[in-house]
Amino acid sequence: MSAGETALGVASAVRSGERSAVEVVEASLAAIDALDGQVHAFLEVTAEEALARAADIDETVAAGGDPGPLAGVPVALKDNMCTEGVPTTCSSKILEGWIPPYDATVVEKLRAAGAITVGKTNLDEFAMGSSTENSAFGATRNPHDTDRVPGGSSGGSAAAVAAGMTPLSIGSDTGGSIRQPASLCGVVGLKPTYGAVSRFGLIAFASSLDQIGPFTRTVADAAVAFEAIGGHDVRDSTSIPEPVPSCVEALGAGVDGLRVGIISELLEGELASGFEPEVLQRTRDAAAALEAAGATIVPVSVPSAIYGLSAYYLIAPAEASSNLSRYDGVRYGNRVVAGDSTADMMRATRTAGFGAEVKRRIMLGTYALSAGYYDAFYGKAQRVRTLILEDFARAYAQADVLLSPTSPCVAFGFGAKSDPLTMYLNDVATIPSNLAGHPAMSVPFGTGADDLPVGVQLLAPTLAEPVLFRVAAALEAAAPAAPLPAVAAPALTDPTIDDQGVPA
Ligand code: GLN
C-alpha cells in the first residue's frame, strides 16, 4: 500500500479490473509489516482473512460484477468494534483474548461496500484518553515524529492512515477521539451526527455521546466512507431513521454564499488562552481561505462552550460507570479467582483487569450518580447540555457552518500531559459537538510548532454533513502543503511513485 493512494483511487482501479484487490491488500500488509514496528498502530493483523476476501472481490470483478464503492480498499478498525472470530480487546487486559461471536454493523457495511478489513488498531483503554498512552498493550507513536503521541483515543486508526498503511480506517468519537488524533496526525477525521452511523457492535463507553466515523487522507474519501457506513439500523435504538445524507455530490459545490461562523470562545478569551498561537493562526488562515473562496465570515458566540468540558467529564464517566459494570468476571471479562465470595472475585477481576484511567472514570461516574449527588452533578451536567444546544441553535441562525481549532496543540511528547486535567483540556474544542449530537470534522490545514500537522474543525447542525463536506473540500483545496510523515509507505516519500503506487 502506498501512502499516496486514496480509497477512491484504489476502488476505481479495482472496480475497472486495472488492479487486483489481492495486489492492493498485499501492498497494505507489506506496509504494515515494514512500518508498524515503529508506529504500533495495530493490535491484530488479519492477513489471511484479508487476502481471502480480496480474492473474492477479484472474482466478482472478473465475473462482471461490481463489488461496491470501496472495492478492494484495505480498512483498519479501532479495536472497540466487534469482529466475528477476531479478538476485540478495547486495549484492555480485561477483554484480552475475547473473541466476539458477531460483527458490528459498520463492519458488515464496510464489507458490503467492498472494503477489506486488514486488522484492529490500538486505542486508549475503553477509548478513555487523548494520546493512546492508556492502552494496556503499549502506546502508538505518531508517524510524523515517533517521540510524540498520535492523539487519542483512536490513535492507532489515525496513525495507520497517516503512515499509509491503509487509505481508510474507522474510529469512534465520544469527546473528540476521531477529530483530535486526525489533527495530530495530519489526516481527515469525521464525527458524524449522533445516530447517523449504527453503534451496534461498538463497545460502549458513553452511549449518549459515542459515534463511529472514518479517518482518510482526503475529504472525498471521507464522504464515500461515511455514505458506506451510515444509515438506519434496527439493532441500534438510537439510530436515525432518515437515510444517510448525500455527501459525495456536495463535494464540488464550493462555498460561494455560505456563512462560516468563527466560534469566538475558541479563538480568543480565557478558553483559547491555552491554545498554541500557531494553532489559532492556522484557524484564522483557514477562515481567510474560505473568505477568498466566496464564503462570508461571521463571528459567533457559543458562551456555554466554557462549561462543556466539566459537563462532559460528569456525563461520560457516569455513563461509563454503568456500561463497564458488565466486566465482572461473570458476564464479561477475564475472571480472577480470589477470596471466597462472588464479590471478592469481582473485585479481584476488576482490580487486575482495568487500568488507572478506567478506574478513575468509574469512580468519578459512580460518585456523580450516587444518591444525594445525582442532581448536583449529573442533573446539572445534563442542563448544560441543553444550554449548549440552545447556543448552537442561535449560532446556526447566523451561520451555515462553524469553524474552530480542533486541538489546542500539535502532537505532544509521551508523558508530557501526565496529570488527568491537563490531558482532559485537549478535548475542549471537540466536546461541544458530542454534547449536542452534531457532526464535526477535522481537516488538515498547515503546520504548527516543530512543523507538525494542525487540523481545523468544522461544525454543522444535525444531519448537515453535506455542507460540512462542501466547506471541507474548499479548505482542502486551499490548505498549505502538508508535511510528510517521518514514517511512511513509499509513495508519500518517493516522488517517482504515482498515487497508484506505480513507479513513474
Ligand atoms: N479524550 C476524551 C476522553 O478521554 C474523549 C475520548 C473519546 O472521544 N473516546 O474521554
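Up top is the structure these notes are about.
Read on for a plain summary of the structure. (Residues numbered from 1 in each chain as written. Predicted model: local features only at pLDDT ≥ 70, side-chain atom pairs only at ≥ 80, totals over all residues. Heavy atoms only, no water.)

### As for the site of the ligand
Stated formally: Each residue is tested against the molecule or strand, and it is near if at least one of its non-hydrogen atoms lies within 4 Å. Think of a polar contact as two N or O atoms within 3.5 Å of one another; within protein, one of them needs to be a possible hydrogen donor and the other a possible acceptor, and neighboring residues in sequence only count if both atoms come from side chains. Each accessible area is a Shrake-Rupley result for a 1.4 Å probe, and residues are judged covered by the shown protein chains and nothing else. Residues are said to line a cavity or pocket when one of their atoms sits within 4 Å of a point; the points come from a 1 Å grid over protein atoms alone, cavities being sets where a 1.4 Å probe fits but cannot get out and pockets being open sets with protein on both sides within 12 Å along at least five of seven lines. Pocket occupancy is defined atom-wise: a molecule lies in a cavity or pocket when more than half of its atoms are within 2 Å of its grid points. Polar here means any residue outside two lists: the nonpolar Ala, Val, Leu, Ile, Met, Phe, Trp, Tyr, Cys and Pro, and the charged Asp, Glu, Lys and Arg; Gly therefore counts as polar.
Around the ligand sit 15 residues, and of these Thr174, Gly175, Ser177, Tyr312 and Arg361 come closest. Within the contact set of the ligand, a nitrogen atom lies 2.8 Å away from a backbone nitrogen or oxygen of Ala127. The side chain of Ser153 places a nitrogen or oxygen atom 3.4 Å from a nitrogen atom of the ligand. When the free accessible area of the ligand is taken as 290 Å², the share hidden by the protein chains comes to 100%. Among the cavities detected, the one that contains the ligand is the largest cavity. Taken together, the residues of the shell around the ligand sort by class into five nonpolar, seven polar and three charged.

### Things to note about the pattern of salt bridges
Defined as follows: Salt bridges are counted wherever a side-chain nitrogen of Lys or Arg sits within 4 Å of a carboxyl oxygen of Asp or Glu. Secondary structure is summarised from DSSP: a helix means a run of H or I of at least four residues, a strand means a run of E of at least two, and numbering begins at the N terminus for each. Type-normalised accessible area, obtained with a 1.4 Å probe on protein chains alone, sets the label of each residue: buried when under 20%, exposed when over 50%, and partly exposed for intermediate values.
One pass over the structure, following the stated rule, counts 20 salt bridges. As a salt-bridge pair, Arg361 and Glu357 come within 2.6 Å of each other at their nearest N and O atoms. Of the two residues, Arg361 and Glu357 both sit in helix H11 (residues 356–369), four residues apart, roughly one turn of that helix. Classification of Arg361 as buried rests on a relative accessible area of 2%. Owing to a relative accessible area of 10%, Glu357 belongs among the buried residues under this scheme.

### Overview of the packing of helix H9 (residues 305–323) against H11
Keep this limit in mind: Interaxial angle, 0 to 180 degrees, is taken between N-to-C directions of lines fitted to C-alpha atoms, where a helix line uses only the stretch in contact. Roughly parallel means an angle under 35 degrees; roughly antiparallel means over 145; roughly perpendicular covers 65 to 115; every other angle is labelled oblique. Any pair of residues with heavy atoms lying within 4.5 Å of one another is described as a contacting pair.
Axis separation between H9 and H11 bottoms out at 7 Å; the angle between their running directions is 100°. Comparing the axis directions of H9 and H11 gives the class roughly perpendicular. Of the residues in H11, those in contact with Tyr313, Leu314, Pro317, Ala318 and Ser321 of H9 are Arg361, Ile362, Leu364, Gly365, Thr366, Ala368 and Leu369. Of the residues assigned to the contact of H9 with H11, the class counts are eight nonpolar, three polar and one charged.

### A look at the packing of H9 against helix H12 (residues 375–398)
Using the following cut-off: The sense of a crossing depends on the near helix, which, turned anticlockwise from the far helix by less than a right angle, makes the crossing left-handed and, turned clockwise, makes it right-handed.
Where H9 meets H12, the closest approach of the two axes is 9 Å, and the angle between their N-to-C directions is 130°. Comparing the axis directions of H9 and H12 gives the class oblique. Between H9 and H12 lies a crossing whose hand is left-handed. Contacts from Tyr307, Gly308, Ala311, Leu314, Ile315, Ala318 and Glu319 in H9 reach Phe377, Tyr378, Ala381, Gln382, Val384, Arg385 and Ile388 in H12. Of the residues assigned to the contact of H9 with H12, the class counts are 10 nonpolar, two polar and two charged.

### Topic: the pairing of strand S5 (residues 188–191)
Each regular strand shows side chains that alternate between the opposite faces of the sheet. What counts here: At least two DSSP bridges between two strands are required for those strands to pair.
Alternating residues of S5 divide into Val188 and Leu190 and Gly189 and Lys191, and every residue in both groups is buried. Inspection of the sheet shows S5 paired to strand S6 (residues 211–216) by two bridges, in the antiparallel sense. Directly across from Val188, in S6, lies its bridge partner Thr216. Pairing of S5 with strand S10 (residues 440–447), which is carried by three bridges, proceeds in the antiparallel orientation. For Lys191, the partnering residue across the bridge sits in S10 and is Ala440.

### With respect to empty space enclosed by the protein
The test is simple: Grid points are joined across faces, edges and corners, and a volume is the space filled by probe spheres set on the points.
Summed over the entire model, instances satisfying the criterion amount to three cavities of 30 Å³ or more. Estimated volume of the largest cavity: approximately 70 Å³. Ala127, Met128, Gly129, Ser130, Gly175, Gly176, Ser177, Phe205, Tyr312, Tyr313, Arg361 and Asp427 are the residues that line the largest cavity. For the lining of the largest cavity, the per-class residue count stands at five nonpolar, five polar and two charged. The space that makes up the second largest cavity amounts to roughly 50 Å³.

### What to know about the packing of aromatic side chains
Put simply, the test is: Two rings from Phe, Tyr or Trp (for Trp, the six-membered ring) form a pair when their centres are within 6.5 Å of each other. A pair whose planes differ by under 30 degrees is stacked, one over 60 is edge-to-face, and the rest are tilted.
Enumeration over the complete set of coordinates arrives at 13 aromatic pairs. Seen in terms of ring centroids, Phe126 and Tyr327 are 5.0 Å apart; in terms of plane orientation they differ by 50°. Their pairing is tilted. You can see Phe126 sitting in the loop between strand S3 (116–121) and helix H5 (155–162) and its partner Tyr327 sitting in the loop between H9 and helix H10 (342–353), a full 201 residues away along the chain. For Tyr327, a relative accessible area of 4% corresponds to the buried category. Ring centres of Phe126 and Phe354 lie 6.0 Å apart, and the angle between their planes is 70°; on these two criteria the pair is classed as edge-to-face.

### Quick word on the environment of Thr174
Along the polypeptide, Thr174 turns up in the loop between strand S4 (168–173) and helix H6 (179–185). Of the residues examined, Thr174 reaches a relative accessible area of 2% and is grouped as buried. C-alpha of Thr174 to C-alpha of Pro490: the two residues are 316 residues apart in sequence and 33 Å apart in space. Thr174 has contacts with Phe205, Ala206, Leu209, Asp210, Tyr312 and Asn434, leaving out every residue within four places of it along the chain. Among the polar contacts listed, one links the side chain of Thr174 to the side chain of Asp210, at a separation of 2.7 Å.

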